[in-house]
Amino acid sequence: MGQPFSIRDAVSVAAGSVNEDRVGHAGDMAWVIDGATDILDAPLSPGPTDAAWIAETAHRLLPDLASRLGPAADLARLPALLCHQIARAFAKTSTRPPRERFEFPSATLLAVRITANRLDYVGVGDCALLLKGAERLTTLGVDLPSSGDKAVAAAVSGLQGETPDAPATDIRARLIPYLRSRREGLNRPGGYGILSIIPPPDDLVVSGSLPIRPGDDLLIATDGLIRLIEVYRRYDPAGLLASARERGLVALIADMRAIEDQDANCRRHPRAKAKDDASGVLIAVD
C-alpha cells in the first residue's frame, strides 16, 4: 500500500549566504527545522554557523529516528531523542563547551506523521502547521505571542524610537543583549522548548493528533515563511495555504522578499532581521 499523502512542494530559501533552515520527508513523516540565529562571537561547531550546524545535524538524524518510533505517543519523544544525539555530536566536534546559555546551538522543529486517517505532530519552538479540509481550517503555531519576530517587535520598536535614523544593522547590534537574555529560558521550566544540547521539559513539547481526510491540504513552515501572516499581514492562514497550493512556495517567498526590499530598514514592519530564511513543505492528503 502506498503513502496516504503526496509532497506537492518542498522549498527552503536562504535569506543570505548560509541557509539555517532545513526541510525533509521520509516514509510517512515530513519536517521543517529552523536554526536559531547565532548571538555569540564565533561558532563553536564545525558548521558555518551553529544554527546551520544544528539544523543540518537534526535533519540528518531524523529519518533514522523517525523509522524507529511507533505510535503517536512515541512521536512526542522525538525532540528529546534528537537532543541527546545532537549533544553527543556537539561534544565530539565543538571547539569548546558553551559558557553561557546563549551559546547553546538551538533550532525549532515541527515534524508530522501521516497515516490513513490521522495526522500526528510534534514540535518545539515556533514553526507552524496549517491544515485545510472541506469544512475546517486548523492552525498550530500561528500568531503566538512568543513566536519569531513578534516576540522582539516591541523591543525593536523601542530602539527605533530612541534612534529614528539608525539603520537596521545598528538596531540589530543593540538588540543582542535582549536576545541573549531571552535565550536564558532555553529548555527551562517556564521558558521555551527547542532542540539543543539539552532536552526540553515535556510540558514545552507540543504534540497531538488531528483527523484528516482525502483532499485535505497541509502546510508545515518555518517562521520565516509565516512572516507573510504574522509580520506583513499579507495573508490570513487560509489565504496563505490557498496561494501556496495555487502558485507554489517559491512564488510566495518572492512576494515576501519584495515586501522586505521595500522595508529594508524594518520601520514599517519592526523585526529583528530584515530577512529570514523561509521554508515549507506542502502536502496533499490522498
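Use the structure listed above.
This structure is a prediction, so every number in the text was calculated from the model and none was measured.

Rules used throughout
Residues numbered from 1 in each chain as written. Predicted model: local features only at pLDDT ≥ 70, side-chain atom pairs only at ≥ 80, totals over all residues. Heavy atoms only, no water. Axes fitted to C-alpha atoms, helices over the stretch in contact; angles between N-to-C directions. Helix = DSSP H or I, 4+ residues; strand = E, 2+ residues; numbered from the N terminus. Parallel < 35°, antiparallel > 145°, perpendicular 65-115°, else oblique. Left-handed = near helix turned anticlockwise from the far one by under 90°. Contact = heavy atoms within 4.5 Å. Expected span 1.5 Å × (residues − 1). Buried < 20%, exposed > 50% of the residue type's maximum accessible area, 1.4 Å probe, protein only. Arc of directions from axis to C-beta. Pairing = 2+ DSSP bridges.

Q: Whenever I open this one, the packing of helix α1 (residues 50-67) against helix α3 (residues 78-93) confuses me. Can you help?
A: Relative orientation and spacing of two packed helices are given, respectively, by the angle between their axes and the distance between those axes. In the contact formed by α1 and α3, the axes pass within 10 Å of each other and the chain directions differ by 125°. Judged on the interaxial angle alone, α3 and α1 are oblique. Of the two elements, α1 crosses α3, and the hand of that crossing is right-handed. Where α1 approaches α3, its residues W53, I54, T57, A58, L61, L62 and L65 are matched on the opposing element by L78, L81, L82, Q85, I86, A89, F90 and T93.

Q: Explain unusual backbone geometry here, please?
A: As a rule of thumb, non-glycine residues mostly have phi less than zero, and peptide bonds are mostly trans rather than cis. Within the chain, R233 stands out as a residue other than glycine whose phi angle is a positive 55°. Locating R233 in the fold gives a position in the loop between α6 (223-230) and α7 (237-247). Non-glycine residue C266 carries a positive phi angle of around 60°. As for its placement among the helices and strands, C266 is situated in the loop between α8 (249-261) and β10 (278-285).

Q: Can you help me understand α8 in this one?
A: For an α-helix the count is 3.6 residues per turn, leaving residues at separations of three or four pointing the same way. For α8, which comprises 13 residues, the first-to-last C-alpha distance of 18 Å matches the rise-based estimate of 18 Å (1.5 Å per residue) to within 8%. When α8 is considered as a whole, its buried residues turn out to be L249, L252, I253, D255, M256, R257, I259 and E260. Where α8 is buried, its residues touch β1 (5-13), β9 (217-221), α6, α7 and β10.

Q: I tried to follow helix α4 (residues 153-162) on my own but got confused; where do I start?
A: Looking at α4, one finds that the buried residues are V156, L159 and Q160. Around the axis of α4, the buried residues are gathered within 100° of arc, so they sit on the same side. Exposed positions of α4 whose direction lies more than 90 degrees from the buried face are A154, G161 and E162. Its buried side turned inward, α4 meets α5 (168-182).

Q: Got a minute to help me understand the sheet that holds strand β3 (residues 29-35) in this structure?
A: As a general point, the strands of a sheet are linked pairwise by backbone hydrogen bonds and lie either parallel or antiparallel. The strand order across the open sheet built from five strands is β2-β3-β4-β5-β8, with neighbouring strands paired in antiparallel fashion. Taken across any chain shown, the strands that pair with only one partner, and hence form the sheet edges, are β2 (21-26) and β8 (206-211). Taken pair by pair, the neighbouring strands of this sheet meet at an average axis angle of 10°, ignoring direction. For β3 and strand β4 (residues 107-114), the ladder comprises seven bridges, and the chain directions are antiparallel.

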